[in-house]
Amino acid sequence: MARLVIVSNRVPLPTERGPRAGGLAVALADALRPGTLWFGWSGKRVETPAETPELVQADGVTYATVDMTEAEYRAFYVGFANGALWPLLHFRLGLMTYRREDYRGYCAVNRRFAAALAAVLQPDDLIWVHDYHLIPLAQELRRLSVRNRIGFFLHIPFVPPVMLEVLPCAPELLEGMAAYDVVGFHTDGYRRAFLQCAQQMLGVELDRDSFVHNGSTVHAIVDPIGIDTEAFVKDA
């Protein structure tokens, strides 16, 4: 059976005290079975990050983390991911700030993450990438000759072409999303918006909920991630 490799911007290590950070950790709790690998940022900012991830094991799950420099954090996380992408994909153009240097930093961090992840991958791993921080990751992995099946899930909305085209690098981001085998969304409206953007900005021909780009088929699906409602009701 293939190993599941979860990739997210932030990895909540089992050694951390206090509640798990963010809804993503809650949503992925049931996927963390023995044998799973979870890869991402450690949350640490250092002067010189190591090229290979640090590995920690707990309850059969391997946590592989990499650090960032302060400059990477500012450009990748604060600047582009949360300064440009988050407002745009939440239909808040008035809050959006785009800087070319932030986008370059965003791409550079994804490139470095891909190199670190590729070093610990196995040929039959099934890779599941999460959220807007890591849109270009599959494309960077493909450039490193990674041929594993790679899926992507967007935890926030997606906008139609009339809004996405406001972002100067929008076609490049869509190219990145088209490097995944499967792209998942919370609602059918978000999926339709993505497909419309791919059709208009990449020039692809749609076959219902899929299209072929650069010789590979991309499937767009609706598969909303929920929460353990019974546990929340009990706590309340």
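Residues numbered from 1 in each chain as written. Predicted model: local features only at pLDDT ≥ 70, side-chain atom pairs only at ≥ 80, totals over all residues. Heavy atoms only, no water.

Draft legend 1. Main features of helix 3 (residues 100–118). Here helix 3 contains 19 residues, and its C-alpha end-to-end distance of 27 Å stays within 8% of the 27 Å for a straight helix at 1.5 Å per residue. If you follow the buried residues of helix 3, they end up packed against strand 1 (4–10), strand 2 (37–45), strand 4 (61–68), helix 2 (70–89), helix 4 (137–143) and helix 6 (170–177). (Helix = DSSP H or I, 4+ residues; strand = E, 2+ residues; numbered from the N terminus. Expected span 1.5 Å × (residues − 1). Contact = heavy atoms within 4.5 Å.)

Draft legend 2. Main features of the environment of Arg-147. As for its position among the elements, Arg-147 is in the loop between helix 4 and strand 6 (150–153). The spacing of Arg-147 and Asp-125 is 22 residues in sequence and 9.8 Å in space, taken between C-alpha atoms. Side-chain polar atoms of Arg-147 contact the backbone oxygen of Arg-142, separated by 3.4 Å. (Polar contact = N/O pair within 3.5 Å; in protein donor to acceptor, adjacent residues only side chain to side chain.)

Draft legend 3. Focus on the sheet that holds strand 9 (residues 210–213). Strands sit in the order 3-4-2-1-5-6-7-10-9-8 across an open sheet of 10 strands; the sheet is mixed. Looking at the sheet topology across the chains shown, the edges are occupied by strand 3 (54–58) and strand 8 (206–207). Its contacts with the sheet place helix 7 (residues 188–202) against strand 7 (182–185), strand 8, strand 9 and strand 10 (216–222), and it is angled at close to 150° to strand 10. (Pairing = 2+ DSSP bridges. Axes fitted to C-alpha atoms, helices over the stretch in contact; angles between N-to-C directions.)

Draft legend 4. How the structure looks around the pattern of salt bridges. The full count for this structure, using the stated rule, is 13 salt bridges. The residue Arg-143 makes a salt bridge to Glu-140 at a minimum N-O spacing of 3.0 Å. Residue Arg-143 and its partner Glu-140 are located together in helix 4, separated by three residues, close to a single helical turn. Residue classification places Arg-143 among the exposed residues on the basis of a relative accessible area of 56%. We classify Glu-140 as buried; its relative accessible area is 7%. (Salt bridge = Lys/Arg side-chain N within 4 Å of Asp/Glu carboxyl O. Buried < 20%, exposed > 50% of the residue type's maximum accessible area, 1.4 Å probe, protein only.)

Draft legend 5. How the structure looks around the pairing of strand 4. For strand 4, the buried fraction is high: eight of the eight residues fall into the buried class. As judged from the six bridges shared by strand 2 and strand 4, these two strands associate in the parallel manner. What sits directly across from Trp-41, in strand 4, is Val-66. Direction of pairing for strand 3 relative to strand 4: antiparallel, over a ladder of five bridges. Within the sheet, the bridge partner assigned to Ala-58 lies in strand 4 and is Val-61. In this antiparallel pair of consecutive strands, strand 3 and strand 4, the connection spans two residues, and Asp-59 shows a positive phi of 55°.

Draft legend 6. Spatial organisation of the nonpolar core. Grouped together as the largest cluster of nonpolar side chains are 64 residues, with contacts concentrated most on Leu-137, Phe-158, Leu-167 and Phe-194. Beyond its immediate chain neighbours, meaning those up to four positions away, Phe-158 contacts Leu-89, Phe-91, Leu-164, Leu-174, Met-177, Phe-185, Tyr-190, Ala-193, Phe-194 and Cys-197. Counting residues in each nonpolar core, the second largest holds 11 residues, with Val-11, Leu-13, Ala-31 and Tyr-63 among its members. (Core = buried A, V, L, I, M, F, W, Y, C linked by side-chain atoms within 4.5 Å.)

Draft legend 7. The arrangement of the packing of helix 2 against helix 3 in detail. The geometry of helix 2 relative to helix 3 is characterised by a closest axis approach of 8 Å and an angle of 115° between their N-to-C directions. By the angle between their axes, helix 2 is roughly perpendicular relative to helix 3. When the axes of helix 2 and helix 3 are compared, the crossing they make is left-handed. Across from Glu-72, Arg-74, Ala-75, Phe-76, Gly-79, Phe-80 and Leu-85 in helix 2, the residues of helix 3 making contact are Glu-101, Asp-102, Tyr-103, Gly-105, Tyr-106, Val-109, Asn-110 and Arg-112. Each residue belonging to the contact of helix 2 with helix 3 can be placed in one class, and the counts come to seven nonpolar, three polar and five charged. (Parallel < 35°, antiparallel > 145°, perpendicular 65-115°, else oblique. Left-handed = near helix turned anticlockwise from the far one by under 90°. Nonpolar A, V, L, I, M, F, W, Y, C, P; charged D, E, K, R; others polar.)

Draft legend 8. Up close: the side chain of Thr-65. Its location among the elements puts Thr-65 in strand 4. Using a relative accessible area of 5% as the deciding quantity, one classes Thr-65 as buried. In this view, Thr-65 contacts Val-11, Leu-13, Gly-40, Trp-41, Ser-42, Pro-53 and Glu-54; residues no more than four positions away in its chain are not counted.

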